[in-house]
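Read off the chains here:
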Amino acid sequence: AAGVIQSPRHLIKEKRETATLKCYPIPRHDTVYWYQQGPGQDPQFLISFYEKMQSDKGSIPDRFSAQQFSDYHSELNMSSLELGDSALYFCASSFGRRTPRAGANVLTFGAGSRLTVL
Amino acid sequence: AQTVTQSQPEMSVQEAETVTLSCTYDTSESDYYLFWYKQPPSRQMILVIRQEAYKQQNATENRFSVNFQKAAKSFSLKISDSQLGDAAMYFCAYRSAEGAGTASKLTFGTGTRLQVTL
């Protein structure tokens, strides 16, 4: 079965540089979530999109932006990178349709993109 | 805001034995979902089991079962007949079901690292 595809898997950047992470959800999934997991920490929610519109926003820095495109893939853009941005960035997808039990739909995670800022 | 607490940073179990991982949560909502995710050394986030709050029956998936105590806001995971492949970080997660619209984000606990010994 198709899974959530994230690219690149590994990325090394210098401070103050820019990075872009891509996420391709499971086919027919209309909702994408981005999470940041620092070393030894739990995943922190950044932002989510449903049907190409921002659905929810968490602890995403102003230096970061994201969007979901017409083919439902999503990109997370990170600018003015800082050492503290070094983390594993997860993308997850699910069905997010406006149904009473939409919350029961499972989030499927990608393998993550590891960003190292030097 | 909802919070998820995992009070056991590390647990150890012998192969073939049973272990229980604890999770408590705080919410004012009456309808929600609870999940256990497993993160092995590969860092992939893998769904282990899901519980819907309106269901009184505890969820079971093969060797994995939960003890869901809604009044106590407790959601523990029991792993029976532990195997070496069960060694991983286990995250408890909460997801709201209230309100119309898209499925909401997952809120994770801090995780419990499970070691499985011979």
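Further up the page is the structure itself.
So, a few notes on the structure that sits alongside this text. Computed from a predicted model, the values in this text were never measured in an experiment.

### Quick word on the overall build of chain A
Here is step 1 of the chain: The number of helices and strands found in chain A is zero helices and 11 strands.
Here is step 2 of the chain: Ordering the α and β elements of chain A from the N terminus gives β-β-β-β-β-β-β-β-β-β-β.
Here is step 3 of the chain: For chain A, the C-alpha radius of gyration of 14 Å lies close to 13 Å, the compact-globule estimate for 118 residues.
Here is step 4 of the chain: With respect to the three principal axes, the spread of C-alpha positions in chain A is 45 × 30 × 30 Å.
Here is step 5 of the chain: The long-range share in chain A, meaning contacts at least 24 apart out of those at least 6 apart in sequence, stands at 56%.
Here is step 6 of the chain: Looking at chain A as shown, the accessible area adds up to about 5,600 Å², and 50% of this sits on carbon and sulfur atoms.
Here is step 7 of the chain: For chain A, the separation between the mean place of its 13 positive charges and that of its 11 negative charges on side chains is 4 Å.

### What about the packing of aromatic side chains?
Residue and element names in this part refer to chain B.
Here is step 1 of the chain: The full count for this structure, using the stated rule, is 15 aromatic pairs over all chains.
Here is step 2 of the chain: Centroid distance Phe-91 to Phe-108: 6.0 Å. Interplanar angle 80°. Geometry classified as edge-to-face. In this pair, Phe-91 is assigned in strand S10 (residues 88-96) and Phe-108 in strand S11 (residues 107-108), connecting sequence segments 17 residues apart.
Here is step 3 of the chain: What makes Phe-91 buried here is its relative accessible area of 1%.

### Re the sheet that holds strand S3 (residues 19-24) of chain A
In a beta sheet, neighbouring strands are held together by backbone hydrogen bonds and run either parallel or antiparallel to one another.
Residues and elements named next belong to chain A.
Here is step 1 of the chain: The sheet built from four strands is open, its strands ordered S1-S3-S8-S7 with antiparallel pairing. The outermost strands of the open sheet, each flanked by one partner alone, are strand S1 (5-7) and strand S7 (64-68). Looking at each pair of strands side by side, their axes are set apart by 15° on average, direction ignored.
Here is step 2 of the chain: Looking at chain direction, S7 and strand S8 (residues 74-78) are connected through five bridges and run antiparallel. Pairing of Ala-66 across the sheet is with Leu-76, part of S8.

### Regarding unusual backbone geometry
Here is step 1 of the chain: Here A:Ser7 and A:Pro8 are connected by a cis peptide whose omega angle stands at -10°.
Here is step 2 of the chain: Tracing the sequence through the fold places A:Pro8 in the loop between S1 and strand S2 (10-13).
Here is step 3 of the chain: Not every positive phi belongs to a glycine, and B:Asp81 is a case in point at roughly 50°.
Here is step 4 of the chain: Structurally, the position occupied by B:Asp81 is in the loop between strand S9 (74-79) and S10.

What counts as what
- Residues numbered from 1 in each chain as written.
- Chains lettered and ligands numbered in written order.
- Predicted model: local features only at pLDDT ≥ 70, side-chain atom pairs only at ≥ 80, totals over all residues.
- Heavy atoms only, no water.
- Helix = DSSP H or I, 4+ residues; strand = E, 2+ residues; numbered from the N terminus.
- Rg over C-alpha atoms; globule rule 2.2 N^0.38 Å.
- Contact = heavy atoms within 4.5 Å.
- Areas by Shrake-Rupley, 256 points an atom, 1.4 Å probe, with all protein chains shown as cover.
- Lys, Arg positive; Asp, Glu negative; His and termini not counted.
- Charge placed at Lys NZ, Arg CZ, Asp CG, Glu CD.
- Phe/Tyr/Trp six-rings, centres within 6.5 Å; stacked < 30°, edge-to-face > 60°.
- Buried < 20%, exposed > 50% of the residue type's maximum accessible area, 1.4 Å probe, protein only.
- Pairing = 2+ DSSP bridges.
- Axes fitted to C-alpha atoms, helices over the stretch in contact; angles between N-to-C directions.

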